[in-house]
Amino acid sequence: MRKKTLRDVELDGRRLLMRVDFNVPLSKQGDITDDTRIRAALPSIDYAAEKGASIVLVSHLGRPKGQRDPELSLKVVAYHLGGLIEHPVKFADDCIGPQAEEKAASLKPGEVLLLENVRFHSEETANDPRFAAKLACFGDLYANDAFGTAHRAHASTEGVARHFEERVAGFLMERELETLESLLLEPERPFVAVMGGAKVSGKLGLIDNLLERVDRILIGGGMAYTFFKAVGLEIGGSIFDEKSITLCKELLDKAASGSEKKIFLPVDTVVAKGVDDDSGMMTVSTGDIPENLVGVDIGRKTVEMFSSELSRARTIFWNGPMGVFENPSFSEGTKQIARLIADMTRDGARTVVGGGDSVAALSMLHLKGKITHVSTGGGASLELLEGKALPGVEALSDT
Ligand code: AMP
């Protein structure tokens with residue numbers, strides 16, 4: 001680990017300002033529907049409390065766009081967190097200002113204060129230096145445990161860190177960095193990446209970086225059709241991204257220049273009338289998609305081909321569903337791949353899943369606990385694996 005962590009600093013009797021990611025999903029009634037992100041921060045919070053720090057937590061929730069929005073208040077999270085740590089958590093109605101300062105000043109060692117949604121202030125995403133300075137008043141030292149926002153240079157992730165001599169990673173951040181960086185540096189081979197989802201443009205940089213490090217890249221989901229388009233195949237009404245065609249072609253050429261086949265594209269496709277209309281559903285070979293139909297899932301032969309590559313792997317990275325998995329009719333390919341990755345984990349392979357929709361697919365199948373590491377940061381994990389520096393990580397003290 002190239003960054004200092006909570007273990008490397010003195011916490012007793014000190015005020016710790018910690019950025020956490022409490023961006024949890026809420027129901028229409030305002031209840032927390034999944035508290036995974038809150039639980040993920042518990043090891044850092046418990047450790048700092050045990051060591052005698054008073055803890056001020058700062059987080060965002062949703063996208064209030066710089067406006068106070070009662071529906072995106074973190075108050076409900078403060079209450080829930082109190083239940084998890086079995087100690088009441090104090091709450092400040094604003095993340096800066098006299099009330100928050102008073103509450104922070106009255107904290108005793110081991111006590112926790114959660115500040116209101118930091119994105120109620122537009123200065124947060126603008127990384128405003130004065131706003132960052134105000135946040136910095138809450139701590140003698142700073143920790144960042146919010147891996148999910150580490151790819152953003154915001155006031156609470158980057159600007160604030162400049163005000164501290166000691167800027168350390170929390171344990172969730174440490175685990176994410178160690179796991180993802182080890183994929184790039186020392187993967188046990190064969191290393192197979194499975195990529196899917198719809199947004200091809202944001203993932204080509206990642207595929208490019210992975211090409212040099214993995215043994216195979218299996219590409220499914222909506223992004224496969226831009227690759228097919230790039231080699232002149234008929235894709236009917238399937239989703240594709242015009243602007244990415246040239247880059248897809250370049251990546252295919254680059255992959256083909258090596259001694260071994262590296263990029264594997266689907267050999268068959270499930271097609272239907274539309275992504276939310278399963279009439280006319282059938283499986284066709286790649287290149288044979290009728291003009292009036294769209295590709296919605298990988299076909300059975302592709303599942304077999306991908307499974308045969310995956311079953312030899314010792315390291316697997318998966319991002320993005322193989323089809324429109326939200327529609328049960330089109331979820332078979334994604335389910336089969338998810339189950340196989342879980343089986344491979346049981347048999348000793350190291351498996352890492354990143355990206356909201358692949359994680360949602362795992363949750364749907366109750367397989368989240370059967371994967372070596374499920375990343376809490378979709379965008380952050382992709383940028384790290386793409387080889388980009390994450391501002392929230394770079395801002396932390398080196399070991
Ligand atoms: P992404 O955010 O890029 O990982 O994309 C995830 C989304 O891709 C999911 O909502 C899927 O429904 C969608 N998706 C996967 N395969 C297809 C496809 N063949 N056509 C359209 N959308 C797809």
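Heads up: the structure comes first, above all this text.
Residues numbered from 1 in each chain as written. Predicted model: local features only at pLDDT ≥ 70, side-chain atom pairs only at ≥ 80, totals over all residues. Heavy atoms only, no water.

### Things to note about the site of the ligand
We apply this condition: Residues are counted as near a molecule or strand when any one of their heavy atoms sits within 4 Å of it. Nitrogen and oxygen atoms within 3.5 Å of one another constitute a polar contact, given that in protein one can donate a hydrogen and the other can accept it, and given that sequence-neighbouring residues count only through two side-chain atoms. What sets the accessible areas is the Shrake-Rupley method with a 1.4 Å probe; for residues, cover comes only from the shown protein chains. Throughout, the ten residues Ala, Val, Leu, Ile, Met, Phe, Trp, Tyr, Cys and Pro are labelled nonpolar, Asp, Glu, Lys and Arg are labelled charged, and all others, Gly among them, are labelled polar.
Neighbouring residues of the ligand: 15 residues in total, closest Ala198, Lys199, Lys203, Gly295 and Glu326. Within the backbone of Gly295, an N or O atom sits 3.0 Å from a nitrogen atom of the ligand. In the model, an oxygen atom of the ligand is placed 2.4 Å from a nitrogen or oxygen of the Glu326 side chain. The protein chains hide 84% of the 500 Å² of surface that the ligand would expose on its own. Looking at the shell around the ligand residue by residue, the classes come out as six nonpolar, five polar and four charged.

### A few points about the pattern of salt bridges
Side chains that carry opposite charge are capable of pairing whenever their charged atoms lie near each other. To keep it simple, the criterion reads: A carboxyl oxygen of Asp or Glu within 4 Å of a side-chain nitrogen of Lys or Arg is what we treat as a salt bridge. Secondary structure counts use DSSP, requiring at least four H or I residues in a row for a helix and at least two E residues in a row for a strand, with both numbered from the N terminus. Here the term buried applies to any residue with accessible area under 20% of the maximum for its type, exposed to any over 50%, and partly exposed to those in between, with areas from a 1.4 Å probe on protein chains only.
Counted under the stated rule, the structure contains 23 salt bridges. The shortest N-O distance in the salt bridge between Glu304 and Arg300 comes to 3.4 Å. Taken as a pair, Glu304 and Arg300 lie in helix α11 (residues 300–310) at a separation of four residues, close to a single helical turn. Residue class for Glu304 comes out partly exposed when judged on its relative accessible area of 47%. Between Arg346 and Asp347 there is a salt bridge whose closest N-O contact spans 3.2 Å. One exposure class covers both Arg346 and Asp347, and it is exposed.

### A short note on the packing of helix α8 (residues 204–211) against helix α10 (residues 245–256)
The cut-off we apply is this: Every axis corresponds to a line fitted to the C-alpha atoms, with the helix fit spanning only the stretch in contact, and the corresponding angles, defined between N-to-C directions, vary from 0 to 180 degrees. By definition in this entry, angles of less than 35 degrees are roughly parallel, angles greater than 145 are roughly antiparallel, angles of 65 to 115 are roughly perpendicular, and the rest are oblique. Contacts were defined at the residue level, with two residues in contact if any of their heavy atoms lie within 4.5 Å.
Between α8 and α10, the shortest axis-to-axis distance is 11 Å and the interhelical angle comes to 10°. One way to sum up the angle between α8 and α10 is to call them roughly parallel. Where α8 approaches α10, its residues Leu204, Ile207, Asp208 and Leu211 are matched on the opposing element by Leu247, Cys248, Leu251, Lys254 and Ala255. When its residues are assigned to classes, the contact of α8 with α10 shows seven nonpolar, no polar and two charged.

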